[in-house]
Amino acid sequence: MNKHQRLDELVKLVDRAGTVTVSEIMDSLKVSDMTVRRDLTELESQGKLTRIFGGAKSNKSQFYRELPHEEKLLKNIEEKKKVAKKAVELIKDGDTIFLGPGTSVEVLVDEITNENLRVITNCLPIFNDLQKKKSDTFKVFLLGGEMRDATQAFVGEMTNAIMDRMYFSKMFFSGNGIKNGQIMTSSFEEAYTQKLALERSTESYLLIDSSKIGKEDFTSICSLSDITAVITDQSLDKVQEKVEEYTKVIL
């Protein structure tokens, strides 16, 4: 790519991630340390980013902007389907599973064909989809509480009090990003409820499309090292570097 294209890609990289290191830029754009530092100086003079020690940060909003539920569902839908097809293989008849909020998990619901299952969720759209599968041997439970409009998930003291009395064989959940070994989301309340479910699950799986790897957000749900595995859509260098250091990756 020429210099103009390289600079555009560099700005996009920084804006997507919030902050990036020189080494991350070198790996992504396949350029030398000297070229990266020269490009960062030029882009800073143009007001497109801010240099920090060892890298750069975006001049746009530092954190991920949480999209409305309907908009999230359509974003990267093919990647989410790939993730869902891998995740559903882990669900076995007789399991008691918790499904956290998130459109990646919502796509997973469409793939579930098990006849003997107990499913608990605190997310209204996921509950509504599960109701279509309900039978004498396919049990569905919704944890109530205060609903967040952005994700249509129930959170708060009421939700957490019920969660505190439950245990799950497997948990499937999502997030808005992965940064520095942490699984990120936009809401402290939602993060806390998911953390409670995680503590009560024998196995836990993060469903996330690869576009969110390297992104940060307001708060952390938990560390990658706290979960069983990350399920993502494709094999990328950044997956190996940013995830496998902490936990297993299912590609």
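- Under an unreviewed UniProt entry, the name given to the protein chain is Lactose phosphotransferase system repressor, and the source organism is Streptococcus anginosus.
- UniProt, in the comment section headed Function (unreviewed entry), describes the protein chain in these words: "Repressor of the lactose catabolism operon. Galactose-6-phosphate is the inducer."

## Comments concerning the UniProt feature "domain: HTH deoR-type" (unreviewed entry) in the protein chain
Phase 1: Feature annotation in UniProt assigns "domain: HTH deoR-type" (unreviewed entry) to the following positions: residues 3-58.
Phase 2: The annotated region residues 3-58 carries 64% helix and 20% strand content, and the separation between its end C-alpha atoms amounts to 20 Å.

## Description of the packing of helix α1 (residues 3-17) against helix α2 (residues 22-29)
Helices that pack against each other are described as a pair by the angle of their axes relative to one another and the distance between those axes.
Phase 1: Relative to each other, α1 and α2 sit at 130 degrees, their axes nearing to 11 Å. For the element pair α1 / α2, the angle class is oblique. Seen along the crossing, α1 lies across α2 with a hand that is right-handed. Across from Arg 6, Glu 9, Leu 10 and Leu 13 in α1, the residues of α2 making contact are Ile 25, Ser 28 and Leu 29.
Phase 2: Of the residues contributing to the contact of α1 with α2, the split by class is four nonpolar, one polar and two charged.

## Concerning the packing of aromatic side chains
Phase 1: Inspection of the entire model under this criterion finds two aromatic pairs.
Phase 2: Where Phe 172 meets Tyr 205, the ring centres are 5.4 Å apart and the plane angle is 20 degrees; that geometry is what we call stacked. Of this pair, Phe 172 sits in strand β9 (residues 168-173) while Tyr 205 sits in strand β12 (residues 201-207), placing them 33 residues apart in sequence.
Phase 3: A relative accessible area of 5% means that Tyr 205 is categorised as buried.

About the cut-offs
- Residues numbered from 1 in each chain as written.
- Predicted model: local features only at pLDDT ≥ 70, side-chain atom pairs only at ≥ 80, totals over all residues.
- Heavy atoms only, no water.
- UniProt positions renumbered as here; feature names shortened; annotations may be inferred.
- Helix = DSSP H or I, 4+ residues; strand = E, 2+ residues; numbered from the N terminus.
- Axes fitted to C-alpha atoms, helices over the stretch in contact; angles between N-to-C directions.
- Parallel < 35°, antiparallel > 145°, perpendicular 65-115°, else oblique.
- Left-handed = near helix turned anticlockwise from the far one by under 90°.
- Contact = heavy atoms within 4.5 Å.
- Nonpolar A, V, L, I, M, F, W, Y, C, P; charged D, E, K, R; others polar.
- Phe/Tyr/Trp six-rings, centres within 6.5 Å; stacked < 30°, edge-to-face > 60°.
- Buried < 20%, exposed > 50% of the residue type's maximum accessible area, 1.4 Å probe, protein only.

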